[in-house]
Amino acid sequence: MKVGLFIPCFVNELYPHVAMATLELLEGYGVDVAYPMEQSCCGQPLANNGDSSGACDAALRFTGVFKDFDYVVAPSGSCVSHVTHHYPWYIADNADFQRLQPRVFEIVEFLQDVLKVDKLPKPVHFPHKVSIHQSCHGLRELHHASPSELMIPYQSRLERILQLVDGIEIGQPERRDECCGFGGTFSVDEADVSVAMGRDRVAQHEATGAEYIVGADPSCLMHMGGIIRHNGRAIRPLHVVEILTGRGGAA
């Protein structure tokens, strides 16, 4: 099995430790991982701002870079969702993309659906309470959890994978699937609304008594982390792979 590691552009620039933790986790399970140096942005910002031509070019580039891998794995539900659910708007008839599309996974999806893991590569002890943040793309397009509006039995990928960690206490905010307010360029175009939503979301996570907000989408964690730092709050954001690799204790 040859896996192409897709690291979103902002993760590469701002959260390289998340990229390294993702690589460590995959290699810990014996996966043969390669990082194509020619990869670039998936094109989601272009699509969100109406640049269909640029978004199409990005989709074709991504497909060309990753088409020969058995799987493509990334530590970002938002970017994976854009590739798997929105590239068809631009390149649905592209034969290489048609073959690639079902082989692109967010890291937790890959661990659970492809590798079907039931333990971590090495024991991890994390004696802290965490509050799970379900990102909107992960929740409603990747089905990381059950959206409350569907009124279906509850499930959570993040909760299941975190149960493999020794000593962890897992909590959920009262409104478990509320948006953090980031929304990509929404946070720029509607900054006041975005910040207000983020403050509310951080407060909901704090109300659980958690020390950490844990999610699978670094963009949401970035947004809430900025609000936390600006307001001097004690709670800290962590990407799930940081905990699964034992890197979270230093956060």
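Residues numbered from 1 in each chain as written. Predicted model: local features only at pLDDT ≥ 70, side-chain atom pairs only at ≥ 80, totals over all residues. Heavy atoms only, no water.

The name given to the chain in an unreviewed UniProt entry is L-lactate dehydrogenase complex protein LldE, with Pseudogulbenkiania subflava DSM 22618 as the source organism.

Moving on, we come to the overall build of the chain. For the chain, the count of helices and strands is 14 helices and eight strands. Relative to the compact-globule value of 18 Å for 251 residues, the chain shows a C-alpha radius of gyration of 18 Å, a close match. Principal-axis analysis of the C-alpha atoms gives the chain an extent of 50 × 45 × 35 Å. In the chain, which comprises 251 residues, the proportion classed as buried is 50%. Intrachain contacts of the chain at a sequence separation of at least 6 include 76% that bridge at least 24 residues. Element-wise, carbon and sulfur atoms account for 52% of the exposed surface of the chain, whose accessible area totals about 11,400 Å². Seen as two clouds, the 20 positive and the 31 negative side-chain charges of the chain have centres 4 Å apart. (Helix = DSSP H or I, 4+ residues; strand = E, 2+ residues; numbered from the N terminus. Rg over C-alpha atoms; globule rule 2.2 N^0.38 Å. Buried < 20%, exposed > 50% of the residue type's maximum accessible area, 1.4 Å probe, protein only. Contact = heavy atoms within 4.5 Å. Areas by Shrake-Rupley, 256 points an atom, 1.4 Å probe, with all protein chains shown as cover. Lys, Arg positive; Asp, Glu negative; His and termini not counted. Charge placed at Lys NZ, Arg CZ, Asp CG, Glu CD.)

Given two aromatic rings, their pairing is described by the distance between the two centres and the angle made by the two planes. This structure, assessed with the given rule, holds 10 aromatic pairs. Both rings, one in F62 and one in F66, keep their centres 4.7 Å apart while their planes meet at 40 degrees; by these two values the pair is tilted. Here F62 and its partner F66 are both found in helix α4 (residues 52-66), four residues apart, which amounts to about one turn of the helix. Measuring from ring centre to ring centre gives 5.7 Å for F62 and Y87, while their planes differ by 80 degrees; the resulting arrangement is edge-to-face. Of the two residues, F62 is situated in helix α4 and Y87 in the loop between α5 (77-86) and α6 (88-91); the sequence distance between them amounts to 25 residues. Residue classification places F62 among the buried positions, given a relative accessible area of 3%. Members of the aromatic cluster, joined through ring pairs, are F6, F62, F66, F69, Y87 and F97. (Phe/Tyr/Trp six-rings, centres within 6.5 Å; stacked < 30°, edge-to-face > 60°.)

Considering all chains together, one arrives at 11 salt bridges under this definition. A salt bridge links K122 to E24; the shortest N-O distance between them is 3.3 Å. With a gap of 98 residues between them, K122 in the loop between α8 (107-114) and β5 (129-132) and E24 in helix α2 (residues 16-28) connect regions that are remote in the sequence. Salt-bridge contacts for R140 lead to E149; the nearest nitrogen and oxygen are separated by 2.7 Å. Accessibility expressed as a relative area gives 35% for R140, which makes it partly exposed. In this structure E149 comes out as partly exposed when scored by relative accessible area, which is 44%. A single salt-bridge network, built from bridges that share partners, covers E24, K122 and R247. (Salt bridge = Lys/Arg side-chain N within 4 Å of Asp/Glu carboxyl O.)

So, on to the pairing of strand β8 (residues 236-239). Across four bridges, strand β7 (residues 212-215) lies against β8 in parallel orientation. Across the sheet, the residue bridging to G215 is H239, located in β8. Between the parallel pair β7 and β8, the chain is carried across by helix α13 (residues 218-230), and the sense of this crossover is right-handed. (Pairing = 2+ DSSP bridges. Right-handed = clockwise from strand over helix to strand, strands pointing away.)

Each assigned domain of the chain is listed here: domain 1 (2-114) and domain 2 (129-244). Computed from C-alpha coordinates alone, the two centres of domain 1 and domain 2 are separated by 22 Å. Counting residues at the interface gives 28 residues for domain 1, matched by 19 residues for domain 2. Between domain 1 and domain 2 lies a buried interface of about 2,000 Å² when both sides are counted; carbon and sulfur atoms form 60% of it. (Domains from an automatic or database assignment. Buried area = accessible area lost by both parts, 1.4 Å probe.)

Before going further, it helps to examine the sheet that holds strand β3 (residues 71-74). Here we have four strands laid out as an open sheet, ordered β2-β1-β3-β4, and parallel in their pairing. What marks the edges here is a single partner per strand, and that holds for β2 (32-34) and β4 (104-106). Taken over all neighbouring pairs, the strand axes of this sheet differ in orientation by 35 degrees on average, direction set aside. Relative to β4, β3 runs parallel, the two being bridged by three bridges. Bridge pairing links V73 to F105 in β4. (Axes fitted to C-alpha atoms, helices over the stretch in contact; angles between N-to-C directions.)

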